[in-house]
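So the chains spell out like this:
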Amino acid sequence: MRGLRRPRFPAQVWDARALTLAPTRRHLFKLPRNDYLFRERWNCCFKASFQEKAHQISLTQAVSVRKLKTPAVWEELALPGPVVITLEAFDAAVFDLDGVITKTASIHAAAWKELFDDYLRARAERSGEPFRPFDAEQDYLRYVDGKPRSEGVKSFLESRGIDLPFGHPDDPPEAQTICGLGNRKNLIFNQRLTTDGVEVYESSVRLVHELRSYGIRIGLVSSSKNTRTVLNIAGLETLFDAYVDGVEAARLSLKGKPHPDTFLHAAKLLGVAPARAFGVEDALSGVQALKAAGYGLVIGVDRANQAGALRDSGADVVVADLAELRLQPPSGRQTGAVERKASKY
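Bear in mind that the values here come from a model prediction, so they are computed numbers and not experimental data.

Visitor: Would you explain the nonpolar core in this entry?
Guide: Side chains of nonpolar character tend, in soluble globular proteins, to be buried together. In this structure, Ile85, Phe95, Phe116, Leu157, Leu211, Phe278 and Leu322 are the most contacted members of the largest nonpolar core, which totals 60 residues. Sort the elements by how many residues they give to this core and helix 5 (residues 105-127) lands first, with nine residues. In terms of nonpolar packing, the next biggest core, distinct from the first, is built from 21 residues, Ala266, Val272, Leu290 and Ala307 among them.

Shown next, in the form of structure tokens:
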């Protein structure tokens, strides 16, 4: 392995101990200064800011040093074992709803597809243009996931070269405006919600209960204006200390994701500085918003095979499910009985 030497502790692995030492003891790895992993994924191990990251999250996975040779490895490597969050560094945690706490992202995607396919098919019949349907995976993730409803409509239509007037938030669902289409999507979503119900990610709910048992304040940020309905159906209405949804954001004129406004407001409601909170998101726009808000740790949840894009958007850590996270309690504070209140979970 040219230019790379084994670390001086057993099993040829690296962990938070080695990473903390790396800025002052480069001989541990003999990494070149243009090394992709450390410069692009770890904020450059030769900067003091890296040490701040190291105390917030400890990587417990055993990773062979030889696997770090090439830039492509980081994208390909599925790291085994849990990621440990040191709670000493945090006072609050803020979660997204759809795709993180509840499995409603698929209902949203189906509602968006029904809306746009109906609209695009009718437009194609009028104009004689070929009909190109909405892709419930790629188009959903790229243009509408995590964004306020009207922003999602506008973003997707622009990608197809379609310009509609914005209209008014109270436009009827049949109106040929951005707001009208958004309101039609909301009707479709609520119909599907009533029919299909709401499933939750039980690992996410368990993590929230565990965090609460350590005294960590819990917030929720969602672009959806159906947040209260979803929480009520799922029996999770008492799980969060504060939440900022689409209704509250509109009332306060807060810009939606990827802007940081809603996450900054959530931190304010929880009474913490953003740097003393960590955030959890599955949408690229949500990860970008958390990063822009200055949260101390940004965790991306990869539900759609986009781990690399989540990291590129600013996620410090990407996991497939929150079951991969482990909590290191604050010193002198032990967990108590988990309070589930009126929650079904």
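Visitor: Would you take a moment to explain the pairing of strand 6 (residues 277-281) for this structure?
Guide: Where a strand is regular, its side chains alternate between the two sheet faces. In terms of residue burial, strand 6 counts as a mostly covered element, since five of its five residues are buried. With four bridges joining them, strand 3 (residues 92-95) and strand 6 adopt parallel strand pairing. For Val94, the partnering residue across the bridge sits in strand 6 and is Gly279. Both strand 6 and strand 7 (residues 297-301) contribute to a ladder of four bridges, which runs parallel.

Visitor: Explain the pattern of salt bridges to me, please; I cannot follow it from the model alone.
Guide: Side chains that differ in sign of charge can pair as their charged atoms come close. A complete count under the given rule lists twelve salt bridges for this structure. As a salt-bridge pair, Lys257 and Asp96 come within 3.2 Å of each other at their nearest N and O atoms. Of the two residues, Lys257 is situated in the loop between helix 11 (246-251) and helix 12 (261-270) and Asp96 in the loop between strand 3 and helix 5; the sequence distance between them amounts to 161 residues. Salt-bridge contacts for Asp316 lead to Lys291; the nearest nitrogen and oxygen are separated by 3.0 Å. With Asp316 in the loop between helix 14 (307-313) and strand 8 (317-319) and Lys291 in helix 13 (residues 284-293), this residue pair connects regions lying 25 residues apart in the sequence. The exposure class assigned to Asp316 is buried, which follows from its relative accessible area of 16%. Several salt bridges share partner residues, and in doing so they unite Asp96, Lys257 and Glu281 into one network.

Visitor: Could you clarify how one ought to interpret empty space enclosed by the protein in this entry?
Guide: Using a probe with the size of a water molecule, rolled over the atoms, empty space left in the structure can be pinpointed. Scanning all chains against the criterion turns up three cavities of 30 Å³ or more. Taken as a whole, the largest cavity encloses approximately 230 Å³ of empty space. What lines the largest cavity is a set of 21 residues, among which Asp98, His108, Lys147, Ser223 and Ser224 lie closest to the centre. Taken together, the elements giving at least two residues each to the lining of the largest cavity come down to helix 5, helix 6 (138-144) and helix 8 (178-196). Its residues assigned to classes, the lining of the largest cavity shows five nonpolar, seven polar and nine charged.

Visitor: Explanation requested: the side chain of Thr102 in the structure shown.
Guide: Relative to the helices and strands, Thr102 is located in the loop between strand 3 and helix 5. Since its relative accessible area comes to 0%, Thr102 is described here as buried. In this structure Thr102 touches Leu97, Val198, Glu199, Val200, Tyr201, Val230 and Leu236, once residues within four positions along its chain are discounted.

What counts as what
- Residues numbered from 1 in each chain as written.
- Predicted model: local features only at pLDDT ≥ 70, side-chain atom pairs only at ≥ 80, totals over all residues.
- Heavy atoms only, no water.
- Core = buried A, V, L, I, M, F, W, Y, C linked by side-chain atoms within 4.5 Å.
- Buried < 20%, exposed > 50% of the residue type's maximum accessible area, 1.4 Å probe, protein only.
- Helix = DSSP H or I, 4+ residues; strand = E, 2+ residues; numbered from the N terminus.
- Pairing = 2+ DSSP bridges.
- Salt bridge = Lys/Arg side-chain N within 4 Å of Asp/Glu carboxyl O.
- 1 Å grid on protein atoms, 1.4 Å probe; cavity = no way out; pocket = protein on both sides within 12 Å on 5 of 7 lines; lining within 4 Å.
- Points joined across faces, edges and corners; volume = space filled by probe spheres on them.
- Nonpolar A, V, L, I, M, F, W, Y, C, P; charged D, E, K, R; others polar.
- Contact = heavy atoms within 4.5 Å.

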